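# Notes for the structure review
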Amino acid sequence: MSFADAVQRTPELTGCLKVGLQALGSNRRKIRVDATRNLTGSVDIDACLIRCYPNAPRWDYVFGYKDRVYYVEVHQGRTGEMQKVIAKLDWLRQWRERSAHSLEYLKHQSTYHWISTGRIDSAFAKNNRYRRILRQKSIFGPDPILNADAVL
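So, a few notes on the structure that sits alongside this text.

What counts, and at which threshold
- Residues numbered from 1 in each chain as written.
- Predicted model: local features only at pLDDT ≥ 70, side-chain atom pairs only at ≥ 80, totals over all residues.
- Heavy atoms only, no water.
- Helix = DSSP H or I, 4+ residues; strand = E, 2+ residues; numbered from the N terminus.
- Rg over C-alpha atoms; globule rule 2.2 N^0.38 Å.
- Buried < 20%, exposed > 50% of the residue type's maximum accessible area, 1.4 Å probe, protein only.
- Contact = heavy atoms within 4.5 Å.
- Areas by Shrake-Rupley, 256 points an atom, 1.4 Å probe, with all protein chains shown as cover.
- Pairing = 2+ DSSP bridges.
- Axes fitted to C-alpha atoms, helices over the stretch in contact; angles between N-to-C directions.
- Salt bridge = Lys/Arg side-chain N within 4 Å of Asp/Glu carboxyl O.

### Brief notes about the overall build of the protein chain
Within the protein chain one finds five helices and seven strands. Taken from N to C terminus, the helices and strands of the protein chain fall in the order α-β-β-α-β-β-α-α-β-α-β-β. The C-alpha atoms of the protein chain give 15 Å as radius of gyration, which agrees with the globular expectation for 152 residues (15 Å, within 12%). Residues classed as buried in the protein chain amount to 49% of the 152 residues present. Taking contacts inside the protein chain between residues at least 6 apart in sequence as the whole, the part at least 24 apart equals 67%. When the accessible surface of the protein chain is summed, it comes to about 8,000 Å², and 47% of that surface belongs to carbon and sulfur atoms.

Written out as structure tokens, the structure is:
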């Protein structure tokens, strides 16, 4: 099943699939891809689900590129924000299991990325305890940009 098919089979995301990275608005400049023709669409999860889950810690975006699914949270790169980003991922996973079965089916093709809105705290130096906690949760970042072709 493709990313676009999975989104279209998710009733709560009806009408939310956008071409390329359009759903990311101005945040699309934080995403780099080598072949834009291989983008399979994007969704602003936060905006699409705010009416259904107004008080939930909603994740920001998801997009398809080649045969992968990239979940992106654009948030301040401060250590004090780490638990908020983790809570957003926990909510995303629960929502996907409960309401987005087609996207859940693609979870093994999915990666999760924290992209900073600005300066990143120096405490996030590579291989420190903050990064280890994030990696245990399968979160890449925080990083200034996401180079989708560099993700393994």
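### Looking at the sheet that holds strand 5 (residues 110-120)
As summarised here, the arrangement of the five strands in space is 2-3-4-5-6, forming an open sheet in which the pairing is mixed. One side of each edge strand has no neighbouring strand; the edge strands of this open sheet are strand 2 (39-44) and strand 6 (139-143). Along the sheet, successive strands turn relative to each other by an average axial angle of 20°, direction set aside. Along the sheet, helix 5 (residues 129-136) makes contact with strand 5 and strand 6, crossing strand 6 at roughly 140°.

### A short note on unusual backbone geometry
A cis amide bond links Gly-141 to the next residue, Pro-142, at an omega of 5°. For Pro-142, the position within the fold is in strand 6. One non-glycine residue, Lys-66, lies in positive phi territory at about 55°. On the basis of relative accessible area, Lys-66 is assigned to the partly exposed category, the value being 45%. Of note in the backbone geometry, Ser-138 takes a positive phi value of approximately 70° without being a glycine.

### What to know about the environment of Ala-100
Tracing the backbone shows Ala-100 in the loop between helix 3 (82-99) and helix 4 (101-105). Looking at Ala-100, the relative accessible area reads 1%, which means it is buried. Linking Ala-100 and Asp-67, residues 33 residues apart in sequence, is a C-alpha distance of 18 Å. If near-sequence neighbours (up to four positions away) are discounted, Ala-100 is found in contact with Thr-10 and Trp-95.

### Let's talk about the pattern of salt bridges
Going through the model one piece at a time under the given rule, you end up with 10 salt bridges. Glu-104 is paired through a salt bridge with Lys-107; the nearest N and O atoms lie 3.3 Å apart. The shortest N-O distance in the salt bridge between Arg-131 and Asp-143 comes to 3.8 Å. With Arg-131 in helix 5 and Asp-143 in strand 6, this residue pair connects regions lying 12 residues apart in the sequence. The exposure class of Asp-143 is partly exposed, given its relative accessible area of 23%.

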